[in-house]
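Working through the structure, step by step
Each chain, letter by letter, is given below.
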Amino acid sequence: MKKFTLSLVSIIALSSISFAEGDVVSPMSWGEVENPFYGGIALAATSTRGSNADLSFFSEKDGQDRLGNLTLNAGYDFNQFVAVEARYTTDISNEDIVEMSGWSLFVKPQYPVSEDFTIYALLGFGGVTVDGIHPIRPVHVDDNSFQWGLGISYSLKNAIDYNIEIYADYTSLAKDMDGVYWNGDLQTSVDALTVGVAYRF
């Protein structure tokens, strides 16, 4: 409940920017985005870590597993500075026998550094499921938590005349989420480095 409340407070705080004193009066007064809807696909290098347990029997580094994930995202730009985005990720390769999937709902503050480059943050809420399927040391985590990230995107519109962007970001998908290890409870953290391409409609 505390994690959900923190996420809700973050969203409300970002939404209230439009009422702050100064030049910014309303989001409608900011520059409109020509193609506000977008969708994308990405590859992510994901790390799952158990703070008090080995997540895999064969892991070279105690308590950590590295996975390759496929990530899908869809979003909408309210204006140049605020967007919302949803993501779904699932592993397509792993170095051990750990399976992972997750979903995210983000508020996306962003700032256009130039006509092509944009930096952004991700603040929101999501869920992660991690299953270690080794028969001797099973692991199961299925929990929701506050999530955040930082990234940069580059528009290819001026180069190829299509509304295509490439982006890269870091996201913290879980921090000490509660789970169950074969010999008791554990806490799991999940991070991802994501590189992808998006198309604006």
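The written sequence of each chain sets the order in which its residues are numbered from 1. Totals for whole chains, interfaces and linings use every residue, but because this is a predicted model, local features are given only for residues with pLDDT of at least 70 and side-chain atom pairs only at 80 or more, for both listing and counting. By convention in this description, side-chain values take in all heavy atoms of the structure and omit both hydrogens and water.

Remarks on the packing of aromatic side chains
The description of two aromatic rings rests on the distance between their centres and on the angle between their planes. Whether two aromatic rings pair depends on their centres lying within 6.5 Å, for rings of Phe, Tyr and Trp, where Trp uses its six-membered ring; planes under 30 degrees apart make the pair stacked, over 60 edge-to-face, and the rest tilted. Inspection of every chain in the model, using the stated rule, returns 7 aromatic pairs. Ring centres of Phe37 and Tyr76 lie 4.6 Å apart, and the angle between their planes is 55 degrees; this geometry places the pair in the tilted category. Within this pair, whereas Phe37 is found in strand S1 (residues 37-50), its partner Tyr76 is found in strand S2 (residues 64-77), the two being separated by 39 residues in sequence. Residue classification places Phe37 among the partly exposed residues on the basis of a relative accessible area of 48%. Measuring from centroid to centroid gives 5.2 Å for Tyr199 and Phe201, while their planes differ by 80 degrees, and the two rings are edge-to-face. Exposure remark for Tyr199: the relative accessible area of 37% places this residue in the partly exposed category. An aromatic cluster is built from Phe37, Tyr76 and Phe78, whose rings are joined through pairwise contacts. In this arrangement the basic side chain of Lys108 is found over the ring face of Tyr120, its NZ or CZ atom lying 4.4 Å from the centre. The numbering of helices and of strands both runs from the N terminus, where a helix is a DSSP run of H or I of at least 4 residues and a strand a run of E of at least 2. Between buried and exposed lies partly exposed: a residue is buried under 20% and exposed over 50% of the maximum accessible area for its type, with that area taken using a 1.4 Å probe on protein chains only. In this analysis the charged atom, NZ for Lys or CZ for Arg, is taken to sit over a ring once it is within 6 Å of the ring centre and within 35 degrees of the ring normal.

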